[in-house]
Amino acid sequence: MDSVYDDEGERKIRIVFNDPIHKEEIIGNKSIISQGDETKIRTSGAVIITISVIGINPPEKKKLEPCAVKETWVDPTQLDWNKAKDKIKENLRRQFSTILPQPKKPSRYNDRNNSGPIRVEMDCSPTKVYSACDQVRKNVGKGSRIIFYYNGHGAMPCNHASSENGKNIWVVNASIKHYIVMPLATLMDRLESPAIYIWDCDHAGLIVERFNEIAREKKDIWKRSGADTPEPRFEEDCLHLAACSSHQTLPQNPELPADLYTSCLTTTVRTALHFWFHQQKINNIRILDCIEYLDKIPGMFAQRNTMAGELDWVLTAVLDTLAWQIEPSYPRFKDLFRNCKPVSLLFRGHILADRVMRKYNTAPVSHPHLPSLAGHPLWRSWDLALDSIMSELSFRMVRPARPSFHGQISTFFFDQLTEFKVNLIQSGSDQPVDSRQLPVLLQMLMSAQYREETLELVGKFLDRGPYAVQKFIDVGILPYIKQLITSPSRDYTPYKYIMVLIWAKILATDRRPSTANNVLQYADCRGFFVNMLNDPEMRLQTRAMACFCLSILAKNSQKNQEILLGENIIKELDDCLMDMSNPDTIKKSSKLQNCAVLCLAYLWDRNEKALWAAVRANTIDNHVIRLLEHPNPETRTCAVYALGTFLNTRRKESEHGETIEHKIANALLKACGDGSIVVRKEVVVALSRYVQQYEQRFISAACTVAEDFAARQIRTSTGEEDDSIAATSPGSDSIRSRKNLILKNTLLSPQSRLTAGNKFVEAWRCLKGLEHDPAAGVRELAVVVVAFIERRLPRSATRKSSETVFGTSESSPESRQSPVIQFSPQTSHMVCHYPQYSSKRTMFGKGPKSDEYEEERPPTVLEENTNLLVSTEFPDWCEASFAKPLLARDQESDPNSDIFLENQIRDRKHMDRKKKARAELEKRGFETIDTQIYAARHKTPKNSRPIKVNFHPVLSCIYVIDDAYCSVINYESRETLHHFECCNMRSYTRDSILINPHKRAFLATVNLESEVFVWRNFEDPETSSLATTFKAFNETISKKMPVIMNYSELSSNLLISGQMKRIVSWDLLRETRFPDIQTQADGMTPLTAMTTFDRSLHSYEQQEHLLLAGFRDGMCKLFDLRLPPLSQIVQKFGDAMMDKPSAVVNVHIKPKNDNKIICTSHNSGEMCFWDLRKSKVDVGLGGRDRYQPLTHEAPKTLSVVSNNLKTVAFHNFAPVMACGSHDQGIRIWNTWGDKLNDIKFHEGFMGQKVNSSISLAFHPFEYKLVAATFDNFVTVYGKSSQPSNRY
């Protein structure tokens, strides 16, 4: 035995039903961001109030000497008070001007006159404060946010009465001689909301608490009053930043600024540098000797390639990353740190202030509350970067001749990038990645030095799934990605494939209208995707992602559709589909084709302009309809969906448009017999659009079909049955089979003489046939569509001739009389009656009431709906595939995945078991089989007999098939692993076969209705599921006639036949039907056995195209499937060579070196061995003679039983066969004609007399046999314990 070659052949076997469309549930992405466009509030103005009267102490407080006196980094004690006041005022205005957004147009206000959006008042009275609030609110508008800054410099909340504690703040009188109080409630009313309050004074936290109390009181008053005014939202829309808590005072260290908290908010870098200098002084670290050096750092903060710019860049990244740390537990991160730039700057400064001021025993407060991050480890990275930069600065101060600064000094960004890369690699494909460094990546995108590597990491991170895209959007990188595309310098050119991936991931998850609008409003963005679509240098996957982005932009937006039509997108998509005609690249290009077809569908969906543009480009005929024959079922489904959206688009009435729609409908009718459930579902949805467009004509078609059916019933009742019904009547004794036969021969038959050739009748018959589809999902959709028409059938009208049924007048449908079809169990056939003569009417009773017909009509699915709305989630599922990993390897091919390891372990166990079995066969020979390993009676709910038994190729299991159920039994532990309904209960199972038996076994069953069911993981009750189901052919097989199946692993062909003149061939890899194999046999001579020359079992590469079939008349025929359909029979066996021709029971090709020997077993008990080499022309040679069927010389025969051979099983590798007959035993022979042993049922004196065998099967490679008998016993036999001396 050439075991090595066989193993290599198994590795080349194509596994069917292994694509995502088979393994996944067809549903959309549940993690789509479809809502949540934040209402961003613009911060446009500021009211700055400072109370710092020099020489007058605040009430109830005395200043210590020396104390902090610097304000805005100005020492007022070193200047004249008026000059110091002007300097401080100017600095405050400049600092808050850098925070607030600059107007695009020159302001009509003069800031020097204090009339602009920023009002600065120092030592002012309440009247000036109210005036400033009114003016700024008027300037910025009602919906904008205003910054209210209050610096009391020691002024504390009023503490005269407990009820008013904190509800007033200190200001001065008009003469600036005394402190007076100003109520918070009045300030709130004048400033209104939204606003952000900054309190830089003692006990600032108490002001925040009292503010919120007043806000709640105002809301309660508004609720009780029932006023029509808007609800006050001070607590929700007002933000607060306070320098200390309610029981703390500001630090008075003379080395610190008096407005330390304000300095942290407005001049973060300078404050951080001074804080670092004081900390190194405290810790006796001398990196920089003079504090004046801090003001001499070279460069500007806006230039990142300078020392000052690098400091600002690193500090911004640190503060942004620290803010990101609170995101998982804080829902308002985007409100505080992303949606508004002034707010984000102030709150990032608050994070710095939290670290700085806590060193001086002061805890800043915020509303909403932010957790303290003063001890976060990331501050160490900032300190390290600061030490590096300051060391470089000290060297420059000592050595002025040092070369100028170029590049970066610190390794902060490199370290963070490396950490993120390591986290990305170490985390598994199904584990979330630590996203702490995302804000750092955002900052690194701004640098050309790190941009390419950063984009690659961002792409790999987004490829982890929707959660990564959500993090990406939340952190705020999206605007920077958009800026890269719109950059006039085209900085994205070296890494444009990563840009396409990033945008594909974003658009697959983020479906907010603002995202698509932000992309389409720039011509550069649109042109980027269009150019990438047909860039020959790009990979097919990259082009598919670009096409997907365009399709999402066009979905459900007529405005976006018009924009893309202006880019001549239809021609680009046509060119994209045209390039995919090469059969070598057709599999690789299926993803691109799917996206291109979906993009076309989204373009012309409810857009008549795009529809006619596609018609003029001949897109329907040249591309979309042609894709209905694509080998990939997902691509065929996309094409069906595109045709359905074409039919769904309302257009002006035109003859040309109707012609195109009818052509589309004809193409859809051909797709009704597709083998894929997903395709058939989408066909029903597409036909529903056709039904809705031509509702009246379908009503007429339904009436005509019903009348035709009524006429057939009349002929049936008078004995004038159709030949098609009479031919199959022996197998239709039950009510169920009778009903099915009538449905098949009336509703599905295209031979009706009344309606032949009418497109609407054909479509209606197709929909009625889909009501009985073996797939439940297809049936449910078809029922809805059929009910939509049936509930609109006319109730009272007179009969008219069939010529007027399909006229164009609208009165034709209403003038017809609608029959009601019911199934009568008493008579076992259909009954058709009319409303005027109810089936419930008595002989002498009155006629029916006017509403009697309505009472008799069964309720339908759509009793209230006026529109036909059926749909699937297939388009959403296609889009969701781009939200899944695209860069990572498939889990089945990824060595690090659990699925890959499980498959490797399973395959290794299978190969070891196989090699062990072969080695044992070679060592001990083919011994007798008489040891009973397992025996039990097969029990089913209906007590039906087994019809097929076989071994599982990998597990120690057998599966038993009866009329309706499958039982999977572990013959070693004697445990039933799974018992399930394996076929439709409307019919009976007739055959079963394993698909992919040596890799991932599927169980395929076929019933009398020619419905094939394929089950995945059929041995496991938890994961067992229906992989697919389809109708193999239209004929209904008689109950007494066999249905035979065979599967070729190399070609992935499923062959099915029975009482027919042909063999039906289905390609399970493509889920399409091949041309039938014509057997040239009589219709009453059914096929009884067939097998293929499979390389994986017989090691003969050149014979995989051959098929051997046996028939009831004793004839065997050899088919060459490479030849034309009418010339495929190349040899015939057994027609005149046998004395008494009898039915063929089984056929087999001898393995190993005898693969030219064919074994045929006959019902008479004879086994014939035919040598292919003794024919006139060898099958493997060419020539004209091979197209003529060759008769064969007389074979070598062997009588294995006396008579009535029922079943025969051949071993795949060993030359052994088992024969079962009516003589209550099984005989084991080898193929050389030697009898090995007999197996007697229930041997012994008390043995029970039993029936003969029903089914026999050998293990695929082990020396075991399973048998099922007519008394419902299933038995597994193994080798004898005594070695045989025969060989």
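Our structure is the block above this text.
Residues numbered from 1 in each chain as written. Predicted model: local features only at pLDDT ≥ 70, side-chain atom pairs only at ≥ 80, totals over all residues. Heavy atoms only, no water.

Draft legend 1. Representation of the side chain of lysine 768. Among the secondary structure elements, lysine 768 is positioned in helix α34 (residues 759-770). Using a relative accessible area of 12% as the deciding quantity, one classes lysine 768 as buried. A polar atom in the side chain of lysine 768 sits 3.0 Å from the side chain of glutamate 790. (Helix = DSSP H or I, 4+ residues; strand = E, 2+ residues; numbered from the N terminus. Buried < 20%, exposed > 50% of the residue type's maximum accessible area, 1.4 Å probe, protein only. Polar contact = N/O pair within 3.5 Å; in protein donor to acceptor, adjacent residues only side chain to side chain.)

Draft legend 2. How the structure looks around the state of the cysteines. Applying the stated criterion across every chain, the model contains one disulfide. Here cysteine 672 engages in a disulfide with cysteine 766; their sulfurs sit 2.5 Å apart. One quick way to see it: the torsion about the S-S bond of cysteine 672 and cysteine 766 is about -130°, and its sign makes the bridge left-handed. Placement of cysteine 672 in the loop between α29 (655-670) and α30 (677-693) and of cysteine 766 in helix α34 is noted, with a sequence separation of 94 residues between them. (Disulfide = S-S within 2.5 Å.)

Draft legend 3. View of the sheet that holds strand β33 (residues 1205-1210). With antiparallel pairing, four strands are arranged side by side in an open sheet as β33-β34-β35-β36. Sheet topology places β33 and β36 (1235-1240) at the edges, where each strand pairs with a single neighbour. Averaged over all pairs of adjacent strands, the angle between strand axes in this sheet comes to 20°, irrespective of strand direction. Summarising the sheet, strand β34 (residues 1216-1221) and strand β35 (residues 1225-1230) pair through five bridges and their orientation is antiparallel. Counterpart to alanine 1218 in the pairing with β35 is isoleucine 1228. (Pairing = 2+ DSSP bridges. Axes fitted to C-alpha atoms, helices over the stretch in contact; angles between N-to-C directions.)

Draft legend 4. Region of interest: the nonpolar core. The biggest cluster of nonpolar side chains holds 249 residues, and the ones touching the most others in it are Phe148, Trp199 and Trp503. In terms of residues, this core owes the most to one element, helix α10 (residues 307-325), which gives twelve residues. If you look at the next biggest cluster of nonpolar residues, it comprises 22 residues, including Val16, Ile993, Ile995 and Phe1030. (Core = buried A, V, L, I, M, F, W, Y, C linked by side-chain atoms within 4.5 Å.)

Draft legend 5. Representation of the pattern of salt bridges within the structure. With the rule as written, the count across this model stands at 42 salt bridges. The shortest N-O distance in the salt bridge between glutamate 231 and lysine 219 comes to 3.6 Å. Taken together, the residues glutamate 231 in the loop between α6 (204-225) and α7 (234-237) and lysine 219 in helix α6 connect sequence positions twelve residues apart. Of the residues examined, lysine 219 reaches a relative accessible area of 15% and is grouped as buried. Close ionic contact of arginine 1062 with aspartate 1076 constitutes a salt bridge, the shortest N to O distance being 2.8 Å. Remark: aspartate 1076 occurs in the loop between β23 (1072-1073) and β24 (1077-1078) and arginine 1062 occurs in strand β22 (residues 1062-1067); sequence separation between them is 14 residues. Each member of the pair, arginine 1062 together with aspartate 1076, is buried. When salt bridges with common partners are traced through the structure, they connect Lys219, Glu231 and Glu236 into a single cluster. (Salt bridge = Lys/Arg side-chain N within 4 Å of Asp/Glu carboxyl O.)

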